[in-house]
Amino acid sequence: MGLHAVAQAPAINIVEVRQVSMAFGAGLSRHVVFEDISFDVELGEFLCIVGSSGCGKTTLLRQIAGLQKPTSGSVVFNGEPITRPTQDKAIVFQDYSKALLPWRTVEGNVALSLEVAGASASLIKSEVDELLSKTGLQAAAKKYPAQLSGGMQQRVQIARSLAQRPKIILMDEPFGALDAITRQALQDELQMLARERSMTVVFITHDLEEALYLGDSVIVLASNPGRIVKQIDVNLERPRRQLETRENSTFLRLRHELHGLIGRH
Amino acid sequence: MLSSWRSIAVPAAVLLLWEFAAAFRFVDLEFISRPSHIMIAAISGLADGSFLYATWQTLEACVFGLTIALVVGVLTGIFLGLSPFAEFISRPSLEGLRSIPSIAFAPLTLLLFGFGLPMEGLIIAYACLWPILITTIAAVRNIEPRLLEIAAALEMSPATRVRKIVIPAMLPRVLVGLRTAAGFALVVSVTVEILINPRGLGYGLIIAQQSLRIDVMYAYLVWLAVIGLIVNALVRLADREVVV
Amino acid sequence: MIRATCRALAAILFTLLVFVVWQAAIDSGLVNRIFVAAPLSAIDVIAERAANGTLWTTTAATAQRLLAGWIAAVGIAMLLGTAVGNSRAAHQYLSPTLEFFRPLPASAVIPVAVLFFGLTTKMSTFVIAFGALWPVLLSAIHGFVSVPRELREVASTLEMGRLRYIFTIAIPSASVDIMAGLRISLSLALILTVVTEMQASLPGLGYELFLAQRTYRSADLYAGLMTLGVFGFLINQALLLTERRLMRWKLA
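Cut-offs used in this document
- Residues numbered from 1 in each chain as written.
- Chains lettered and ligands numbered in written order.
- Predicted model: local features only at pLDDT ≥ 70, side-chain atom pairs only at ≥ 80, totals over all residues.
- Helix = DSSP H or I, 4+ residues; strand = E, 2+ residues; numbered from the N terminus.
- Buried ≥ 20, exposed ≤ 12 C-beta atoms within 10 Å, placed from the backbone.
- Contact = placed C-beta atoms within 7 Å.
- Pairing = 2+ DSSP bridges.
- Axes fitted to C-alpha atoms, helices over the stretch in contact; angles between N-to-C directions.
- Parallel < 35°, antiparallel > 145°, perpendicular 65-115°, else oblique.
- Left-handed = near helix turned anticlockwise from the far one by under 90°.
- Nonpolar A, V, L, I, M, F, W, Y, C, P; charged D, E, K, R; others polar.
- Core = buried A, V, L, I, M, F, W, Y, C linked by C-beta atoms within 7 Å.
- Expected span 1.5 Å × (residues − 1).

With that settled, the discussion passes to the overall build of chain C. Counting its regular elements, chain C contains 11 helices and 0 strands. Scanning chain C from its N terminus toward the C terminus, one meets helices and strands in the order α-α-α-α-α-α-α-α-α-α-α. Projected onto its principal axes, the C-alpha coordinates of chain C cover approximately 75 × 60 × 30 Å. Buried residues in chain C amount to 41% of all 252 residues. Residue pairs at least 24 apart in sequence account for 75% of intrachain contacts in chain C once pairs closer than 6 positions are excluded.

With that settled, the discussion passes to helix α9 (residues 205-214) of chain C. For α9(C), a buried count of 8 out of 10 residues is recorded, marking the element as mostly surrounded by other parts of the structure. Within the sequence span of α9(C), burial applies to C:L205, C:G206, C:Y207, C:E208, C:L209, C:F210, C:A212 and C:Q213. Among the structural elements, α5 (106-113) of chain B together with α3 (54-85), α8 (162-200) and α10 (218-246) of chain C are those in contact with the buried residues of α9(C). Two residues or fewer after α9(C) comes C:Y216, characterised by a positive phi angle close to 60°.

All names here are of chain A. What the 4 strands build is an open sheet, ordered β2-β1-β4-β5; its pairing is antiparallel. Strands at the two margins of the open sheet, each flanked by one partner only, are β2 (31-42) and β5 (80-81). Where strand β1 (residues 13-24) lies against strand β4 (residues 72-77), 5 bridges are found, and the strand directions are antiparallel. Among the inter-strand pairings, E16 is bridged to a residue of β4, identified as V76.

Glancing now at the packing of helix α6 (residues 121-145) of chain C against α8(C). Two quantities define a packed helix pair, namely the angle between the helix axes and the distance between the axes. All names here are of chain C. Contact pair α6 / α8: the axes reach a minimum separation of 7 Å and the direction vectors enclose 160°. Our classification of the angle between α6 and α8 gives roughly antiparallel. Note on packing geometry: the crossing formed by α6 with α8 is right-handed. Of the residues contributing to the contact of α6 with α8, the split by class is 20 nonpolar, 10 polar and 2 charged.

Between chain B and chain C, the residue contacts involve 43 residues of the former and 43 residues of the latter. Residue assignment for the side of chain B that touches chain C shows that the elements contributing at least two residues are α1 (2-23), α4 (84-98), α5, α8 (158-195), α9 (200-210) and α10 (214-243) of chain B. If one sorts the elements of the side of chain B that touches chain C by residue count, α4(B) sits on top with 9 residues.

Okay, the interface of chain C and chain A next. Between chain C and chain A, the contact holds 15 residues from the first and 22 residues from the second. Elements supplying a minimum of two residues to the side of chain C that touches chain A: α7 (149-157) and α8 of chain C. Per element, the largest residue contribution to the side of chain C that touches chain A is 6 residues, and it comes from α7(C). Residue classes in the side of chain C that touches chain A are distributed as 9 nonpolar, 2 polar and 4 charged.

On to the sheet that holds strand β3 (residues 46-50) of chain A, then. Residue and element names in this part refer to chain A. Spatially, the 6 strands line up as an open sheet ordered β6-β7-β8-β3-β9-β10, and their pairing is mixed. At either end of the open sheet lies a strand with only one pairing partner, and these are β6 (89-92) and β10 (227-233). If you compare each strand with its neighbour and ignore which way they point, the axes differ by 15° on average. Where strand β7 (residues 168-172) lies against strand β8 (residues 201-205), 4 bridges are found, and the strand directions are parallel. Pairing of D172 across the sheet is with I204, part of β8.

Bringing the packing of α5(B) against α9(C) into the picture now. Contact geometry for α5(B) and α9(C): axes closest at 8 Å, N-to-C directions at 15°. Here α9(C) runs roughly parallel to α5(B), going by the angle between their axes. Helix-helix and strand crossings are classified by hand; for α5(B) and α9(C) the assignment is right-handed. Packed against α5(B), whose contacting residues are B:P107, B:L110 and B:L111, the element α9(C) presents C:L209, C:F210, C:A212 and C:Q213 at the interface. Across the contact of α5(B) with α9(C), the residue classes break down as 6 nonpolar, 1 polar and no charged.

Here we take up the arrangement of the chains. Across the 2 pairs of chains in contact, the largest number of contacts is found between chains B and C. With no contact formed, the shortest span from any C-alpha in chain A to any C-alpha in chain B equals 16 Å.

With that out of the way, let us pick up the nonpolar core. Formed by 201 residues in total, the largest nonpolar core has its most connected members in A:L170, A:V202, B:I123, B:I124, B:C128, B:Y220 and C:A189. Looking at this core, the element that brings in the most residues is α8(C), giving 17 residues. Setting aside anything within four residues of it in sequence, one finds B:I124 in contact with B:A61, B:C62, B:G65, B:L66, B:A185, B:V188 and B:S189.

Below, the discussion takes up α3(C). Residues and elements named next belong to chain C. In this model α3 runs 45 Å from its N-terminal to its C-terminal C-alpha over 32 residues, within 8% of the 46 Å that 1.5 Å per residue would give. Among the residues of α3, T58, T62, R65, L66, G69, W70, A73, V74, A77, G81, V84 and G85 are the ones counted as buried. Packed against the buried residues of α3 are α4 (88-101), α6, α8 and α9.

Next up, the structure:
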């Protein structure tokens, strides 16, 4: 009875995107990146947005982060319209080499958000230690980003965003620049972290399989102009596994269904 | 469009204020001239040829010095670049020499050659030698080995190899050194002229100050800035044309 | 290990060889003693000056003026550079004008300084400071403007205040450019120190060279050049070592 009641409880939307559009220029030279995009992100949901280049998915993410303003429409976060970037919306960039502080060690980078928040030295130390062990970075704690591989650097970015204690984590094709093996390892680490901490994640990718593998739901964006073509729920068991899940019949069916949508547009 | 308005907004405002302040004697005209007077002095200096003659003298010295620096620098640089041993053993002497500011040689060249073009040209040559030498050594060291392998595979003669592979491969870096050197040349020549050598723009500048023709002095200063910009732009243009 | 020692020895030997050949050229009368002094005579002069103390006082006089001017330049340049580099408005309004002054030879300001201050130490300090601040200013602005967009966005996401951003992110990010600017400005400061000393007959290493030329003492002249060379080398090394300590992360 209790379980049933919980299942019936209404989902809380942490982000509400309403008829958002983005365009540059005016008149003849007006270029519409995307228009009339609406969707919700539920608390605790792992939402993947997938589309080919030019559909504006990065721009959309940056609008949710508060780094850009839409030309029209609104984005609401936690019931309030977004006006600027804040601590509770963490963002993980694709280009990790530019997003980390090269003059600080791994520890120093992860500690950054805690320092800004004014935490005490002992609190910083314990939090950083915990995050480093959660992301497999203890051994590299005293190294500088330039000494680490791409996958390790991306883990540092993830650890740093977790240190912010954000309400939502926005990830812009974070594994795009990594080799396939590292990518798969990070996918699994990410999904484990997301489960453990009941994280809300918006994950951008151009890789349909990655989107289906990681997401609770997937939004497919078309380009020229960008718009939502399809939004589906991914009802696959968790934890997902690289081999079994990718061979699962539901997975394959969804893959078929969505593949055509991306290719066509 | 907006950015170009913004870039001249501040200097334009400053010039206007300055003109106004000088016209109404808010500033001491013995030290600061009116911008309009400066412009008049500059125009008359250009019209009567004195500015252009001084510019010619300064540039003459620069070219003299740069040419010597280029020849000595490239030849020595190629030699030292090809022989790491030679470069290593000569390093203490070269580093020591390099640490002496070129202007310190002014008394010496004055002693040796007296006033005039050679003493100034040699100081410029000394100052410009170092960027050219260093970049030439680097250029020789960094010739892509694969290119040399191709030359061997095509059985090129040494002369052809130098002409078709070595020189084009070295050119970009050496040009960077030349660009730095050209900047040095102008600074050093003007410095020597201000200090002791009675020729060129620097001399015009200091004489104007000493004879209390303040507007002429500032006019020379503005003209120098313009010359500096032109030389800079020409070098950058040459860089693009030759390399690309 | 042995190879390294052999090479070091060869370098020392070669340097000594240069001196030997130089000395021989003078002794044999091949080169006129009036124009080119013998290295031994020059070293004699240096030893004499070291003994009677003038070497140290002269060097100290030059060093003092150099450092006063250079530190003033760096201070002003950093303040101005931080303000202009971190404010888009200031950058748009001021940078083009500042860039206009970049190709102007620093020494061109000497006559203006003489006009205002006469042939005094103040003139010298002003010229050194004015000349040496441009490389640092322009490279600092460039460094601040080049902070990667991602880092700036991380800072705004973490809701960093402007001052905190400047010290935690902007300055370290710009430090590579700033260091390059410092190196150039230090060499420039040395040149301007020597020039203004000669111009205004201020006591120091530069002025000594002028005196030597006027009195036709070539041994003094060469001694002065050697001293200046060593002095210049030492201050550049000092900066290099400081740079290495501060920028350890770059070498990692």
